[in-house]
Amino acid sequence: MDLIFIRHGQPAWSVDGYSQPDPALTELGHRQAELTAKRLSAELDEVAEILVSPALRSQQTAVPIVEAMGVTPQTIDDLVEIQLPNWEGKLEQQVQKIFLDARHRPPEEWWDGLEGGESFRDFHERIVGAMSRILSERSVRPHDEGIPHLWHVETDPKRIVIVAHGGTNAVALGWLLGLDPTPWEWERFVLGHTSMARVQATPLAGEHVFSLRTFNDVEHLSASERTR
């Protein structure tokens, strides 16, 4: 079983100086998505499924990948990024200051998220719940006797591509690898736009373990096309 996590391309967070609640891709973001699709089609002989966050930036990133791989995508609502406060109509400069100020909060306050938005506690539970359902629906479950880090793979679902977000992918990676969560996963697992992270279910100890094979892989992008 292979899980390939892809972060969306560069989004237009600001248009005419105003923050966008569900941004579309920039011109560069579309180019990043096209290069990602080109690489996947060249390197992979088959993809069983493509799962996509409902956010516009993820949906647009998935379009060329879907066309290249010839797989009908599935939108998974709970894979969307942590929900921010409603900043529609707010100047991007003001939003950036909110983020900058928030970085200086004490650790216990980070779990609460930003005022008016989703808490990191809820976000973490949502992503873990979504990943648990995705795996269980494909006959992959934790070890029957509760042995940490071991998984039972009843039927190999083969290769699944997940097109989502920096935060979403970071939480999923930490959970699959059995790491204690932090409320700043996107800073612990730093992922560039259209980066790939590959996790493989590897036979071990009579069951399987999730093994990180590649991380923040952006070899399909030139130096000038790499953004975070």
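Please refer to the structure placed before this passage.
Presented here is a report on the structure given in the accompanying data block. (Residues numbered from 1 in each chain as written. Predicted model: local features only at pLDDT ≥ 70, side-chain atom pairs only at ≥ 80, totals over all residues. Heavy atoms only, no water.)

1. Structural notes on helix α1 (residues 27-43)
Where we set the bar: Only DSSP runs of H or I with at least four residues qualify as helices, and only runs of E with at least two residues qualify as strands; both kinds are numbered from the N terminus onward. An expected span of 1.5 Å times one less than the residue number is assigned to each helix. Partly exposed residues are those whose accessible area sits between 20% and 50% of the maximum for their type, while under 20% is buried and over 50% is exposed, using a 1.4 Å probe and protein chains only. The contact criterion used is simple: two residues touch if any of their non-hydrogen atoms lie within 4.5 Å.
Taking 1.5 Å of rise per residue, the 17 residues of α1 would be expected to cover 24 Å, and the 25 Å separating its terminal C-alpha atoms lies within 8% of that figure. When α1 is considered as a whole, its buried residues turn out to be G29, Q32, A33, L35, T36, A37, R39 and L40. Those residues of α1 that are buried are in contact with β1 (2-7), α2 (56-69), β9 (196-204) and β10 (207-217).

2. Notes on a nonpolar patch on the surface
In plain terms, the rule: Within this analysis, patches are made of residues with over 30% relative accessible area and no salt bridge. Like charges are joined at 9 Å or less; nonpolar side chains (Val, Leu, Ile, Met, Phe, Trp, Tyr) at 5 Å or less. Note that accessible areas follow from Shrake-Rupley with a 1.4 Å probe, and for residues the cover is restricted to the protein chains shown. Within this document, salt bridges are pairs made up of a side-chain nitrogen of Lys or Arg and a carboxyl oxygen of Asp or Glu, the two lying within 4 Å of each other.
Residues W13, L84 and F99 make up a contiguous nonpolar surface patch of roughly 250 Å² in combined accessible area. With respect to the secondary-structure elements, F99 resides in helix α3 (residues 92-102).

3. Quick notes on the side chain of E118
Rule in force here: In the analysis that follows, any N or O atom pair within 3.5 Å is treated as a polar contact, provided that within protein one partner can donate a hydrogen and the other can accept it, and provided that, for residues neighboring in sequence, both atoms belong to side chains.
With respect to the helices and strands, E118 occurs in the loop between α4 (107-110) and α5 (120-136). Look at E118 and you get buried, because its relative accessible area is 15%. Polar side-chain contacts of E118 include one of 2.8 Å to the side chain of R126. Setting aside residues no more than four positions away along its own chain, E118 makes contact with E81, I82, Q83, D112, G113, F123 and R126.

4. Comments concerning the layout of surface pockets
To be explicit about the condition: Only protein atoms enter the calculation, which uses a 1 Å grid: trapped sets of points that fit a 1.4 Å probe without letting it out are cavities, open sets showing protein on both sides within 12 Å along at least five of seven lines are pockets, and any residue with an atom within 4 Å of a point is a lining residue. Grid points are joined across faces, edges and corners, and a volume is the space filled by probe spheres set on the points. Residues were grouped as follows: Ala, Val, Leu, Ile, Met, Phe, Trp, Tyr, Cys and Pro as nonpolar; Asp, Glu, Lys and Arg as charged; and all remaining residues, including Gly, as polar.
As a volume, the largest pocket reaches approximately 1200 Å³. Lining the largest pocket are 40 residues; nearest its centre among them are W13, E81, L84, F99 and W186. Those elements that provide at least two residues to the lining of the largest pocket are α3, α6 (166-176) and α7 (185-188). Classifying every residue of the lining of the largest pocket gives 19 nonpolar, 10 polar and 11 charged. The volume enclosed by the second largest pocket comes to roughly 150 Å³. Every residue along the wall of the second largest pocket is listed here: D2, I4, R39, L40, E43, L44, R159, M196, A197, R198, T214 and D217. The set of elements that each furnish at least two residues to the lining of the second largest pocket consists of β1, α1, β9 and β10. Taken together, the residues of the lining of the second largest pocket break down into five nonpolar, one polar and six charged.

5. A closer look at the packing of aromatic side chains
What counts, and what does not: Aromatic pairs are defined between Phe, Tyr and Trp rings, using the six-membered ring for Trp, whenever the two ring centres lie within 6.5 Å; interplanar angles under 30 degrees are classed as stacked, those over 60 as edge-to-face, and all others as tilted. The rule is short: NZ of Lys or CZ of Arg within 6 Å of the ring centre and within 35 degrees of the ring normal puts a charge over the ring.
If you walk through the whole model with that rule in mind, you get eight aromatic pairs. Taking 5.4 Å as the distance between ring centres and 85° as the angle between the ring planes, the aromatic pair formed by W87 and F99 counts as edge-to-face. Of this pair, W87 sits in the loop between β5 (74-75) and α3 while F99 is found in helix α3, placing the two residues 12 residues apart along the sequence. When its relative accessible area of 11% is taken as the criterion, W87 is described as buried. Geometrically, the ring pair formed by W110 and W184 is edge-to-face, given 5.5 Å between the ring centres and 85° between the ring planes. Here the residue W110 occupies a position in helix α4, and W184 occupies one in the loop between α6 and α7, the gap between them amounting to 74 residues. Taking relative accessible area as the criterion, W184 reaches 29% and is therefore assigned partly exposed. Cluster of aromatic residues (ring-pair linked, three or more members): W111, F120, F123 and W186. The ring centre of W110 lies 4.7 Å from the NZ or CZ of R105, which sits over that ring.

6. Let's talk about the environment of A130
Following the sequence through the fold, A130 ends up in helix α5. By relative accessible area, which is 1% here, A130 ends up buried. Between the C-alpha atoms of A130 and I76, which are 54 residues apart in sequence, the distance is 8.1 Å. Not counting residues up to four positions away in its chain, the partners in contact with A130 are D78 and L79.

7. Things to note about the packing of α1 against α2
Put simply, the rule reads: Note on definitions: angles span 0 to 180 degrees between N-to-C directions of axes, and those axes are lines fitted to C-alpha atoms, for helices only across the stretch in contact. Just so you know how the angles are binned, under 35 degrees is roughly parallel, over 145 roughly antiparallel, 65 to 115 roughly perpendicular, and the rest oblique. When the near helix sits turned anticlockwise from the far one by under a right angle, the crossing is termed left-handed; a clockwise turn instead gives a right-handed crossing.
Closest axis-to-axis distance for the α1/α2 pair is 8 Å, and the angle between their directions is 25°. Considering the angle they form, α1 stands roughly parallel to α2. In the packing of α1 onto α2, the handedness of the crossing is right-handed. Residues H30, A33, E34, T36, A37, L40 and S41 of α1 touch α2, and the partners they reach there are Q60, T61, P64, I65, A68 and M69. Residue composition of the contact of α1 with α2, grouped by class: seven nonpolar, five polar and one charged.

Remember, this is a structural readout, not a statement about activity or role.
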